[in-house]
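Structure assessment
Spelled out, the chains give:
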Amino acid sequence: MVTLTVRPFAIPIVRDARIATYRARMTMNRGWQSPIGTMRGKVFASVVILGIVATTAGCSTVQQDSLASSPSSSDITSTLGQLDAIAEDALKRTGVPGAAVAVVQGDKVVYTKGYGLREVGKPDPVDADTVFQLASLSKSIGSTVVSGIVGAGKASWDDPITKWLPTFALSDPWVTKNVTIADMYAHRSGLPGDSGNDLEAMGYDQAEILKRLRFEPLGPFRNQYSYSNFGLTSGGVAAATADGTTFADAAQYRLFKPAGMTSSSYRYSDYLSQSNKALIHSKVNGKYEAAFTREPDAQDPAGGASSNATDLAQWLRIELNEGKLGDKPIVPAEALDRAHRPVIDNRPGTPVTAPANFYGLGWNVGLDDRNQVMWSHSGAFSQGAGTTVRVFPNQKLGIIVLTNGPPVGAAEAIADAYADVVLQGSAQQDWVKVWGDRLAPLLAPSQPTPPASVTAPAALTSYEGTYSNPYYGDFVVTAQGSDLVMTVGPHGAKTYTLTPFNGNEFLFDFSPEIPQSQSPIVFAMGADGKATALVLGPDPKAEGLVRLPRTK
């Protein structure tokens, strides 16, 4: 009998709970890291990172203290019919339109195949060459790119960021001087996990976002895991700068070109130019539609890659064979090996008897439910991408699953069910249900309940003005007829209508792909009846980054 133990969510320490509830909503769609990691609150964003894992406990059929033997080629070949059934079942039950799978054993590509549709309502099928957006699976692939730069002697994992980005700064001068590429790839810089995600959502570019990280208060340096897209991005940009180029170009000539990965890129424009691509899908009125787009160039090392099962099978061969494709060296083994070593506990507070799990450099590393060493990562955009990789180095086995639906667990369910079949003979859980139950709260609508007695707002002109701080820049609020409108971002890139909620508190729809999920904003009022500050969240007394004083 197999008993499923679901570990509790680990919520990263955040500077201020009031900021956490508001800025979480703004971090929506920035990508995630699963199945081992952290999850933030869900008010001003929705899904960013997932942090929930399952373990097998009290199991009489699984030897918890032994390694599974390496499956033979014939063993894997005999399971491929089950893989088809697993993938087709996951798509049918979740409604996700399409998926692609790659299985690699040692230096051999065992299987690549597509399932379902590239786009709902059109007949084009997914095949092994269909290009998907990878979201945070980009981190593990990008770690291989940085390993190539390090192996070529252009940089070191232990180089300070400021060695290559002299103007980069964090709020603590000592940390600024000492934080390294490796620290950023291990998410242990002290940056809050949501840092920069909200700025990206507002339309700021990569350079401006990295510049504004200096205004973020820091957590403990090298002593606290906090999954940060833009922290890792700064590490990738620093390594590419050491290599004399951009990260997207470094990926091309350090990995994609020598590995023959001709459909892979860290540029969104390259994804758009593909004729055989899977569009991302979200549920609209209960049905999946290709209704949204996700342009992730600002965080390209962390979430900007696109690729297909055919190309990623070659990447898995490199990961499983000490940086080589056959006899051809692609990435020096020593630099690559560093990325797979544990750096920081990414699930603090879990029982000491639970399987050990850590974050390495762009990888989750540790023991899985089967007590096997596993390197893994997942990626997701709430607008409609879900991807995952499982690498079992002792068994020389790698599994990639790409989907064009939101993070409802289809990719993880396919990977885990098939890993069970290969390593244990049969699926040990209903993984579609397990992952669906875990992830359901992350995409659920969030609608505050109005009080029993609602106070009307002041005259809309009372709230007009420009509200600013160094991190967010300007929030410009204007009364336009019967509406109160707020513009944010560079040159007013984003515009939102503020809906009265209660008194000086308003709501706005920041995440259109999650209907009925609204974010709170409140105005602090002066004695003259005019607003003096705009506060991100429901507490008018909030301070720090969450408070933007009126400047005009």
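Residues numbered from 1 in each chain as written. Predicted model: local features only at pLDDT ≥ 70, side-chain atom pairs only at ≥ 80, totals over all residues. Heavy atoms only, no water.

What follows deals with the nonpolar core. The biggest cluster of nonpolar side chains holds 101 residues, and the ones touching the most others in it are Leu-255, Trp-315, Phe-475, Met-486, Phe-523 and Leu-534. Those residues in contact with Trp-315 that sit more than four places away from it in its chain are Leu-137, Ser-140, Ile-141, Thr-144, Leu-255, Met-261, Trp-363, Val-389 and Ile-400. Counting residues in each nonpolar core, the second largest holds 37 residues, with Leu-80, Ala-87, Met-374 and Val-434 among its members. (Core = buried A, V, L, I, M, F, W, Y, C linked by side-chain atoms within 4.5 Å. Buried < 20%, exposed > 50% of the residue type's maximum accessible area, 1.4 Å probe, protein only. Contact = heavy atoms within 4.5 Å.)

Before going further, it helps to spend a moment on the sheet that holds strand S17 (residues 465-469). Whenever strands of a sheet pair, they do so through backbone hydrogen bonds, lying parallel or antiparallel. With antiparallel pairing, 8 strands are arranged side by side in an open sheet as S17-S18-S19-S20-S21-S22-S23-S24. At either end of the open sheet lies a strand with only one pairing partner, and these are S17 and strand S24 (547-549). Direction aside, the axes of adjacent strands within the sheet are offset by 30° on average. The sheet contact formed by strand S19 (residues 483-488) and strand S20 (residues 494-502) spans 5 bridges and is antiparallel. Across the sheet, the residue bridging to Leu-484 is Leu-498, located in S20. (Pairing = 2+ DSSP bridges. Helix = DSSP H or I, 4+ residues; strand = E, 2+ residues; numbered from the N terminus. Axes fitted to C-alpha atoms, helices over the stretch in contact; angles between N-to-C directions.)

Attention now goes to the confidence of the model for the protein. Here the protein shows a mean pLDDT of 87. Residues at 70 or above account for 87%. For residues 1-67, every residue scores under 50 in pLDDT, and the model assigns this stretch 254 contacts once sequence neighbours within four places are set aside. (pLDDT = per-residue confidence, 0-100.)

With 12 residues, helix H14 (residues 309-320) should reach 16 Å at 1.5 Å per residue; the first-to-last C-alpha distance of 16 Å fits that figure. Summarising burial for H14: 11 of the 12 residues are buried, a large majority. For H14, the complete set of buried residues consists of Ala-309, Asp-311, Leu-312, Ala-313, Gln-314, Trp-315, Leu-316, Arg-317, Ile-318, Glu-319 and Leu-320. (Expected span 1.5 Å × (residues − 1).)

Let us now look at the packing of aromatic side chains. This structure, assessed with the given rule, holds 15 aromatic pairs. A ring pair is formed by Tyr-471 and Tyr-472, whose centres lie 4.9 Å apart and whose planes are at 85°; its orientation type is edge-to-face. Take Tyr-471 and Tyr-472: they sit in the same class, and that class is buried. Here Arg-212 stacks its cationic end above the ring of Tyr-204, 4.2 Å away from the centre of that ring. For the cation-ring pair, Arg-438 lies above Trp-435, with the distance from its terminal atom to the ring centre recorded as 4.3 Å. (Phe/Tyr/Trp six-rings, centres within 6.5 Å; stacked < 30°, edge-to-face > 60°. Lys NZ or Arg CZ within 6 Å of the ring centre and 35° of its normal.)

Attention now moves to the packing of helix H4 (residues 137-151) against helix H10 (residues 229-242). Where H4 contacts H10, the axes come no closer than 10 Å and their chain directions differ by 25°. Viewed along their axes, H4 and H10 adopt a mutual orientation that is roughly parallel. Between H4 and H10 the crossing geometry is left-handed. Here H4 contributes Lys-139, Val-146 and Ile-149 to the contact with H10, which in turn contributes Asn-229, Leu-232, Ala-239 and Ala-240. The residue makeup of the contact of H4 with H10, split by class, is 5 nonpolar, 1 polar and 1 charged. (Parallel < 35°, antiparallel > 145°, perpendicular 65-115°, else oblique. Left-handed = near helix turned anticlockwise from the far one by under 90°. Nonpolar A, V, L, I, M, F, W, Y, C, P; charged D, E, K, R; others polar.)

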